[in-house]
Amino acid sequence: MRILVVEDDRRLAELLCRGLVGEGYAVDTAHDGPRGLELALANAYDVLVLDVMLPHLNGLRLCAQLRQEGVWTPVLMLTAKDGEYDQAEGLDTGADDYVTKPFSFVALAARLRALIRRGRPERPTVMRVGDLEIDPAGHHCRRGGHDIALTAREFAVLEYLAGRAGETVSKCEVLEHVWDDRFDGDVNIVEVYVSALRRKLDTPFRQRSIRTVRGVGYRLDANGGTPR
């Protein structure tokens, strides 16, 4: 899952970024309205977090402009404690939810999960690919009734593959959705995480559900079969 945080308070933006990365999200940040608009138009995000009071282009106008451009990514607005007018105007301009400052990170994270679920009505609460069960909200994974412990990043890679089950996705697609725009390492980092997932999901169960499509990428199959 990939989130854009547009917040001009750099300390708050960094705290949000750290917390959300710890929850397994890829997070991009912007500190003014025009940069936030540029990123939101250029990338496919699962949810946007917009502060109301942004330099050069405030969060309300940014949200309205995105809706005018046909971008319907769920938007969570951050408003001042006494900003009832901002809250009402934010919802009127196309925002989906809001939290008031100061706020609890736990509550904000729960609202983001709710928005992501609401923004993808075609995706079930628990994703099933064959005998694999992936619960995005609870960050739980099971195979054949057995719990499988995954790191936050491993889970994010698996969740993306499960959301595209049966399709072949490239390393670049995985990288773009699971890592943020500050990542400047080798695209082959995706191979490392796919290998880790195979060791945990496939090898102990004699399955071959994560397949390599040579020269293209990876595909998560419901009926992977027994590895040769």
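Residues numbered from 1 in each chain as written. Predicted model: local features only at pLDDT ≥ 70, side-chain atom pairs only at ≥ 80, totals over all residues. Heavy atoms only, no water.

Structural notes on the overall build of the protein
Next up, step 1: A tally of regular secondary structure across the protein gives eight helices and 12 strands.
Next up, step 2: Within the protein, buried positions represent 43% of all 228 residues.
Next up, step 3: Considering only contacts in the protein between residues 6 or more positions apart, those separated by 24 or more positions represent 55%.
Next up, step 4: Within the structure as shown, the protein displays about 11500 Å² of accessible surface, and the carbon and sulfur contribution to it stands at 48%. (Helix = DSSP H or I, 4+ residues; strand = E, 2+ residues; numbered from the N terminus. Buried < 20%, exposed > 50% of the residue type's maximum accessible area, 1.4 Å probe, protein only. Contact = heavy atoms within 4.5 Å. Areas by Shrake-Rupley, 256 points an atom, 1.4 Å probe, with all protein chains shown as cover.)

Thoughts on the pairing of strand β5 (residues 97–100)
Next up, step 1: Going residue by residue along β5, you find Asp97 and Val99 tucked away on one face and Tyr98 and Thr100 left uncovered on the opposite face.
Next up, step 2: The sheet contact formed by strand β4 (residues 75–79) and β5 spans four bridges and is parallel. When the sheet's bridge partners are listed, Leu76 is paired in β5 with Asp97. (Pairing = 2+ DSSP bridges.)

A short note on the sheet that holds β5
Sheet strands associate in pairs through backbone hydrogen bonding, adopting either a parallel or an antiparallel arrangement.
Next up, step 1: Here we have five strands laid out as an open sheet, ordered β2-β1-β3-β4-β5, and parallel in their pairing. The sheet terminates laterally at β2 (26–30) and β5, the two strands that pair on one side only. If you compare each strand with its neighbour and ignore which way they point, the axes differ by 20° on average.
Next up, step 2: Relative to strand β3 (residues 47–51), helix α3 (residues 59–68) is tilted by about 145°, and along the sheet it contacts β1 (2–6), β3 and β4. (Axes fitted to C-alpha atoms, helices over the stretch in contact; angles between N-to-C directions.)

Description of helix α6 (residues 152–163)
Next up, step 1: Taking 1.5 Å per residue, 12 residues should reach 16 Å; α6 reaches 16 Å between its end C-alpha atoms and fits that length.
Next up, step 2: Among the residues making up α6, those that are buried are Glu154, Phe155, Ala156, Val157, Leu158, Glu159, Tyr160, Leu161 and Ala162. (Expected span 1.5 Å × (residues − 1).)

Digging into the UniProt feature "modified residue: 4-aspartylphosphate" (unreviewed entry) in the protein
Next up, step 1: The UniProt entry lists Asp51 under the feature "modified residue: 4-aspartylphosphate" (unreviewed entry), expressed in the numbering used here.
Next up, step 2: Contact partners of Asp51, with chain neighbours within four places excluded, come to Val6, Glu7, Asp8, Gly59, Leu78 and Lys101. (UniProt positions renumbered as here; feature names shortened; annotations may be inferred.)

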